[in-house]
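Residue strings, one per chain:
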Amino acid sequence: MGWLRRLLGGGGGVELDPERQQTLLRDVRHSYGAHAPIRFPEQVDAIGRLLADDDGLVVAAGIVCEAAEEAHADLQFQAQEVYRRTGRRLLVHRRNYRPLWKEAGQWLRWPLAALPSGLHPYAQVAAAVTVVGGRAKRLDRVTDPQPFVTRLFEVLDLTTAGWEFGRVRVDTDSATLVERLTGTAAQVLATMDDPPRLPPPVREMMRRNHSIDVYDPAAPRVVGRINPGARLRETLLA
C-alpha cells in the first residue's frame, strides 16, 4: 500500500482533479476509435498528448481496467448464450482465458472488438497502455498499480488467445498492441516493491517459440512476423 501512503502524504506534489479526469475520458472516448478519420497509430499519438499529465495518467490506467472489465462481462454473457443454445457450460476464468478459447473459440466473438463504452483496443486502449508505460515510475503516486497490472495482463491474454483460437487477424495494429502491453507490463512491474507472479497464460506463452505472420491492416499481405513467446521472455525476464 505504498502508493496510498504516498498519495495521502502528499505524493510529492500530486494534485489530481477528478472533474478534469472525467472531461479527458469523455474526450478520449468520443473523439477517437473506429469512427475517427485518422489511422490508429495517429490516434495513439494524439491521445498520448492529451493524457500527458497526472490526471491523464489516472485516466489511462482507468481505460485499461475498464476495457478488461467490459471484455470479461461480455464473455460471461457469451458463455450464458452458448449454454442457452447448446446446453454446454463454459467456464470464464479471468486469470486465464486460454482454456475457454481453446474449448469454444469457434463460438465466441472477440470481446475487445466491440466494447460497449466505445473504447477500441488499437486506439484508446493502445494509447492508454503507452501512456502508463512512459510514466510507469509515476503510476504509484496517483493510483494502485496492482489492479492495473492484473487488468493489463487480461487484455494481453485476450488479444493473444484471440489470435490463436478466435480468428482475430494479426495485423500491425494488433501486433503493436501486444508489444505495448508487454513493454508496459515490464515497466510497471519493475517499479513495484512486491510485483505479482506472472499469470498462467503469460507463463504458458513464454514456454513457446513460434512466429506468427503480421498483415498490413488495409491489405492481404504479410509485412512481418511476431514471436509472442520470445518477446515476452525478452521483455519480462530481462
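Analysis parameters
- Residue indices begin from 1 for each chain and proceed along its sequence in written order.
- Two thresholds apply to this predicted model, a pLDDT of at least 70 for residue-level local features and 80 or more for giving and counting side-chain atom pairs, whereas whole-chain, interface and lining totals are computed over all residues.
- No hydrogens and no water enter the side-chain calculation; it runs on all heavy atoms of the structure.
- Interaxial angle, 0 to 180 degrees, is taken between N-to-C directions of lines fitted to C-alpha atoms, where a helix line uses only the stretch in contact.
- Counting from the N terminus, the helices are the DSSP runs of H or I reaching at least four residues and the strands are the DSSP runs of E reaching at least two.
- Each angle receives one of four descriptions, namely roughly parallel if under 35 degrees, roughly antiparallel if over 145, roughly perpendicular if within 65 to 115, and oblique otherwise.
- Here a crossing is taken to be left-handed if its near helix is turned anticlockwise relative to the far helix by less than a right angle, and right-handed if that turn runs clockwise.
- Note on contacts: a residue pair qualifies if any of its non-hydrogen atoms lie within 4.5 Å across the two residues.
- Here, a salt bridge means any side-chain nitrogen of Lys or Arg that lies within 4 Å of a carboxyl oxygen of Asp or Glu.
- The buried label goes to any residue with under 20% of its type's maximum accessible area, the exposed label to any with over 50%, and the partly exposed label to all in between, with areas taken from a 1.4 Å probe on protein chains only.
- For a helix, the expected span equals 1.5 Å multiplied by the residue count minus one.
- Each polar contact in these results corresponds to two N or O atoms within 3.5 Å; when the atoms are within protein, one needs to be able to donate a hydrogen and the other to accept it, and residues that are neighboring in sequence are counted only if both atoms are side-chain atoms.
- The criterion for strand pairing is that DSSP finds at least two bridges linking the strands in question.

1. Re the packing of helix α9 (residues 172-191) against helix α11 (residues 228-236)
- Between α9 and α11, the shortest axis-to-axis distance is 9 Å and the interhelical angle comes to 20°. Our classification of the angle between α9 and α11 gives roughly parallel. Our pair here, α9 against α11, has a crossing hand that is right-handed. Where α9 abuts α11, its residues Glu 179, Thr 182, Gly 183, Ala 185, Ala 186 and Leu 189 lie against Arg 231, Leu 232, Thr 235 and Leu 236.

2. Here's the deal with the pattern of salt bridges
- By the definition in use, this model includes 21 salt bridges.
- For Arg 88, the salt bridge goes to Glu 103, with nearest N and O atoms at 3.2 Å. Taken together, the positions of Arg 88 in the loop between α4 (54-86) and α5 (98-104) and Glu 103 in helix α5 put the pair 15 residues apart, joining distant regions of the chain.
- Close ionic contact of Arg 231 with Glu 179 constitutes a salt bridge, the shortest N to O distance being 3.0 Å. Of this pair, Arg 231 sits in helix α11 while Glu 179 sits in helix α9, and the two are 52 residues apart along the sequence.
- What makes Arg 231 partly exposed here is its relative accessible area of 29%.

3. So, helix α8 (residues 145-165)
- Taking 1.5 Å of rise per residue, the 21 residues of α8 would be expected to cover 30 Å, and the 30 Å separating its terminal C-alpha atoms lies within 8% of that figure.
- Among the 21 residues that make up α8, 16 are buried, leaving the element largely enclosed by the rest of the structure.
- The distance from a side-chain oxygen at the start of α8 to the backbone nitrogen of Gln 146 is 3.0 Å, and the residue carrying that oxygen is Asp 144.
- Trailing α8 by a residue or two, Arg 167 shows a phi angle of about 60°, which is positive.

4. Quick word on α11
- Considered for burial, the residues of α11 that qualify are Pro 228, Gly 229, Ala 230, Leu 232, Thr 235 and Leu 236.
- For α11, the secondary structure elements touched by its buried residues are α8, α9, α10 (200-206), β1 (212-215) and β2 (222-226).

5. What to know about the pairing of β2
- Where β1 lies against β2, four bridges are found, and the strand directions are antiparallel. The residue bridging Tyr 215 from the neighbouring strand is Val 222, located in β2.
- Hairpin connection, β1 to β2: the antiparallel pair is bridged by six residues.

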